[in-house]
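One-letter residues, chain by chain:
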2 protein chains.
Amino acid sequence: MHHDEKHLKSSDTIRDIVIGMSDGLTVPFALAAGLSGAVNSSGIVVTAGIAEIVAGSIAMGLGGFLAGRTEEDHYAAELKREYDEVERVPEQEKIEVMEVFAGFGLPAKLQREVADEMAKDTDKWVDFMMRYELGLEKPEANRATRSAITIGASYVVGGIIPLSPYFFTDSSQRALYYSCAVTLVCLFVFGYFKSKVTGQPAFSGALKVLIIGALAAAAAFIMAKLINGGF
Amino acid sequence: MHHDEKHLKSSDTIRDIVIGMSDGLTVPFALAAGLSGAVNSSGIVVTAGIAEIVAGSIAMGLGGFLAGRTEEDHYAAELKREYDEVERVPEQEKIEVMEVFAGFGLPAKLQREVADEMAKDTDKWVDFMMRYELGLEKPEANRATRSAITIGASYVVGGIIPLSPYFFTDSSQRALYYSCAVTLVCLFVFGYFKSKVTGQPAFSGALKVLIIGALAAAAAFIMAKLINGGF
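I will try to describe carefully the structure that is included in this document. (Residues numbered from 1 in each chain as written. Chains lettered and ligands numbered in written order. Predicted model: local features only at pLDDT ≥ 70, side-chain atom pairs only at ≥ 80, totals over all residues. Heavy atoms only, no water.)

### Focus: the relation of the copies chain B and chain A
One copy of the chain maps onto the second through a rotation about an axis and a displacement along it.
At step 1: Between the two copies, chain B and chain A, the superposition gives an RMSD of 0.0 Å; the rotation angle is 180° and the shift along the axis is 0.0 Å. Within this description, the copies of the chain are treated as partners about a two-fold rotation axis.
At step 2: Interface overlap between copies: 99% of the residues of chain B at the interface are likewise at the interface in chain A, consistent with a symmetric, same-surface contact. (Least-squares fit on C-alpha atoms with pLDDT ≥ 70 in both. Contact = heavy atoms within 4.5 Å.)

### Observations concerning the packing of helix α1 (residues 12–36) of chain B against helix α7 (residues 172–197) of chain B
Residues and elements named next belong to chain B.
At step 1: Orientation of α1 relative to α7, taken along the N-to-C sense of each, is 160°, at an axis distance of 10 Å. Here α1 lies roughly antiparallel to α7, going by the angle between them. Seen from above, α1 lies across α7 with left-handed handedness. Where α1 approaches α7, its residues Ile14, Val18, Met21, Ser22, Leu25, Thr26, Phe29, Ala33 and Ser36 are matched on the opposing element by Ser172, Gln173, Leu176, Ser179, Cys180, Thr183, Leu184, Cys186, Leu187, Phe190, Lys194 and Val197.
At step 2: For the contact of α1 with α7, the class distribution of residues is 13 nonpolar, seven polar and one charged. (Axes fitted to C-alpha atoms, helices over the stretch in contact; angles between N-to-C directions. Helix = DSSP H or I, 4+ residues; strand = E, 2+ residues; numbered from the N terminus. Parallel < 35°, antiparallel > 145°, perpendicular 65-115°, else oblique. Left-handed = near helix turned anticlockwise from the far one by under 90°. Nonpolar A, V, L, I, M, F, W, Y, C, P; charged D, E, K, R; others polar.)

### Overview of the packing of α1(B) against helix α8 (residues 202–227) of chain B
All names here are of chain B.
At step 1: As a packed pair, α1 and α8 sit with axes 7 Å apart at the nearest point and diverge in direction by 30°. Put simply, α1 runs roughly parallel to α8. Crossing angle aside, the handedness with which α1 passes α8 is right-handed. Here Thr26, Phe29, Ala30, Ala33, Gly34 and Ser36 of α1 come into contact with α8, specifically with Ile212, Gly213, Ala216, Ala217, Ala220, Phe221 and Ala224.
At step 2: Among the residues forming the contact of α1 with α8, the class breakdown is nine nonpolar, four polar and no charged.

### Digging into the interface of chain B and chain A
At step 1: The interface of chain B with chain A comprises 68 residues on the first partner and 67 residues on the second.
At step 2: Overall, the association of chain B and chain A removes approximately 5,800 Å² of surface from exposure, summing both partners, and the carbon and sulfur fraction of that is 72%.
At step 3: Counting the contacts that link chain B with chain A gives two residue pairs in polar contact (both at pLDDT 80 or more).
At step 4: Contributions of two or more residues to the side of chain B that touches chain A are made by α1, α2 (42–88), α3 (90–102), α4 (108–118), α5 (122–133) and α8 of chain B.
At step 5: With 20 residues, α2(B) is the largest single contributor of residues to the side of chain B that touches chain A.
At step 6: Of the residues in the side of chain B that touches chain A, the class split is 38 nonpolar, 13 polar and 17 charged. (Buried area = accessible area lost by both parts, 1.4 Å probe. Polar contact = N/O pair within 3.5 Å; in protein donor to acceptor, adjacent residues only side chain to side chain.)

### What to know about the pattern of salt bridges
At step 1: Going through the model one piece at a time under the given rule, you end up with 20 salt bridges over all chains.
At step 2: Across the pair Arg112(A) and Asp116(A) runs a salt bridge, and its minimum N-O distance is 3.5 Å. Within this pair, Arg112(A) and its partner Asp116(A) are both found in helix α4 (residues 108–118), separated by four residues, close to a single helical turn.
At step 3: Judged by its relative accessible area of 31%, Asp116(A) falls in the partly exposed class.
At step 4: A salt bridge links Asp116(B) to Lys94(B), with the shortest nitrogen-to-oxygen separation between them at 3.2 Å. Note that Asp116(B) is positioned in helix α4 and Lys94(B) in helix α3, a separation of 22 residues in sequence.
At step 5: Taking the relative accessible area as the measure of exposure, Lys94(B) reaches 15% and is therefore buried.
At step 6: Salt bridges sharing common partners tie together Glu91(A), Lys94(A), Arg112(A) and Asp116(A). (Salt bridge = Lys/Arg side-chain N within 4 Å of Asp/Glu carboxyl O. Buried < 20%, exposed > 50% of the residue type's maximum accessible area, 1.4 Å probe, protein only.)

### What to know about the nonpolar core
At step 1: By size, the foremost hydrophobic cluster in this structure holds 56 residues, and its most contacted members are Leu31(A), Tyr166(A), Leu31(B) and Tyr166(B).
At step 2: Not counting the four nearest positions on each side in its chain, Tyr166(B) is found in contact with Ala32(B), Ala33(B), Ser36(B), Ser42(B), Val45(B), Val46(B), Ser172(B), Ala175(B), Leu176(B) and Ser179(B).
At step 3: Among the nonpolar cores identified, the runner-up in size contains 42 residues, and Val97(A), Met118(A), Trp125(B) and Tyr132(B) belong to it. (Core = buried A, V, L, I, M, F, W, Y, C linked by side-chain atoms within 4.5 Å.)

### Notes on the packing of aromatic side chains
At step 1: Within this structure, the stated rule accounts for seven aromatic pairs over all chains.
At step 2: Judged by centre distance (5.7 Å) and plane angle (70°), the rings of Phe188(A) and Phe203(A) are edge-to-face. Here Phe188(A) is found in helix α7 (residues 172–197), whereas its partner Phe203(A) is found in helix α8 (residues 202–227), with 15 residues between them in sequence.
At step 3: Residue class for Phe188(A) comes out partly exposed when judged on its relative accessible area of 25%.
At step 4: A ring pair is formed by Tyr192(B) and Phe193(B), whose centres lie 5.9 Å apart and whose planes are at 85°; its orientation type is edge-to-face.
At step 5: Through successive ring pairs, a cluster of aromatic residues spans Phe101(A), Phe128(A), Phe101(B) and Phe128(B). (Phe/Tyr/Trp six-rings, centres within 6.5 Å; stacked < 30°, edge-to-face > 60°.)

This is the structure we're talking about:
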């Protein structure tokens, strides 16, 4: 039944938080772990970690902002083109509507009726072309700005967690143990909620997020050791 | 005219290269710039930079892989549900088809005819529901694996560029000048081609990519200096 269907779809804001926090928890964690394998001073780890968080949040936030703006511009340009075309070459555009329905096996007569009917309301006609011929959804207003801020802030929050133990101890080795403990727990909890809101199996989803973080950190640790002749 | 319309859409592979290289050029560049503001030895910058590249490429590559797999699972589950529903409650599903067309202003009689016609071919009917009711496109086979490798490799290629000057000189200050020169040129060229393949204005697109990279590097540099009392 229709009211029983649960086609779960996370909201855009939750998606942005997930994007930012997922990389924010993983990359600064792995960078700090890698550096801990190469230098003893936690001061350098903190400096590198903060530089990474600043760089990563700006790259991801501004990147999200510009991607959003590009999408808005693209939508506006295509919308203008479609309005222009239904004005200039309505028969051609009707044929395009018919082609969409031909693809679903409707007979030509019915295709024609649908196209004629749709052509009576220009706005709905253009809306149909945008969504079903071009596959474009109208972007939300101010989405780009909110998206940039949400992604950037989530990256910072995620990145501070693995870095925090390095603030409190001079030994990068000791800080690494605490950082692993804290971050792996947070990755698991984050993965659990991420899977919940996106409608995936929560436990296996949590494990996946945990494993990516652990693999990235282990690989960074091993590479940094290798470079510094640590093995 | 239809054959004159150029609704440019970059292929999935190009999109993956753009995703990986865009962050790969920006974040390791900014991290190296930030550390250069705090430490004199380019050895530490190289270690941190490589740890970041390893961590970032794994996080982005594996992240892309799991996102792709999740999308495939989600599609398969919804497809099974729709086949099940057109079997169990066909009238209800026909009403859902009619609702889609009601949204485009078709009269009830025509909605009914379209729904009845579509119901004659179960595969096309389910395909319609998947795409237009649920907005789900069939994911390409093996997309997740290829996507992971492309994104990860592009991140590595992008990240090696800003880091390369630090391999050849002991002074992180001197390396920073070369790194800025090389990377800003590469960001501009990359932004130019990225804009070309995505159908955006190439020059302003190139400038945007350049500015994000420069801002991230400047912010990381200033933060690292501040932490180390450099100002």
